[in-house]
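A structural walkthrough
Okay, here's what each chain looks like letter by letter:
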Amino acid sequence: MGSSVKTDTKGRKIVLNECKEPCSVEKGMRLIGGKWKGTILYHLKDGPVRFNDLARMLGGASKKMIDQRLKELESEDMVVRKVISDRPIAVSYELTEFGRSALDILEQIRLWSEKYNVGEKVKAVAVSA
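Let me begin by describing the structure that accompanies this report. (Residues numbered from 1 in each chain as written. Predicted model: local features only at pLDDT ≥ 70, side-chain atom pairs only at ≥ 80, totals over all residues. Heavy atoms only, no water.)

1. Some details on the sheet that holds strand β5 (residues 90–95)
Taken together, the 3 strands give an open sheet; going across it, the order is β3-β5-β4, and neighbouring strands pair in antiparallel fashion. If you trace the sheet from one side to the other, it starts and ends with β3 (49–50) and β4 (79–85), each paired once. Here 2 bridges tie β3 to β5, and the two strands are oriented antiparallel to one another. Residue pairing for β5: R50 is matched across the bridge by S92. (Pairing = 2+ DSSP bridges. Helix = DSSP H or I, 4+ residues; strand = E, 2+ residues; numbered from the N terminus.)

Put into structure tokens, the structure is as follows:
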């Protein structure tokens, strides 16, 4: 990215190499940063997972929310939906190669979050606000 702010000869601030909207970070965050998206991808890391099992793994997410996020991830070619049986309908979801490419990033976020106790910091900020 390399953006910087400089002052010209007349004392005005100018930005060099400004981030074009959307920048690369924003594009990436739109893919994996949506509510529950990263968590869904992370839970699919070990192989196909049936919808109801995924809902149990996520705990606090409603089935409607999970379904919406899975559809988004499917449209972005990050997961693939497979019908296991027709009666009763049973489906599973698994990562595509593109979806797998996000796992290293998600693992780094998990490690960073644990190292710096991010959840507790967020709670502390919310309480003090």
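2. Considerations on unusual backbone geometry
Between R87 and P88 the backbone carries a cis peptide bond, its omega angle lying at -15°. Its location among the elements puts P88 in the loop between β4 and β5. The residue W36 is not glycine, and still its phi comes out positive at about 75°. One can find W36 in the loop between α1 (24–32) and α2 (37–43). With a phi close to 60°, D77 is a non-glycine residue in the positive phi region.

3. What to know about the pattern of salt bridges
Two side chains with opposite charge may pair up if their charged atoms get near one another. All told, the structure shown has 11 salt bridges when counted by the stated rule. Across the pair E26 and R30 runs a salt bridge whose closest N-O atoms are separated by 3.2 Å. Separated by 4 residues within a single helix, E26 and R30 lie in helix α1, roughly one turn from each other. Given a relative accessible area of 33%, E26 falls into the partly exposed group. (Salt bridge = Lys/Arg side-chain N within 4 Å of Asp/Glu carboxyl O. Buried < 20%, exposed > 50% of the residue type's maximum accessible area, 1.4 Å probe, protein only.)

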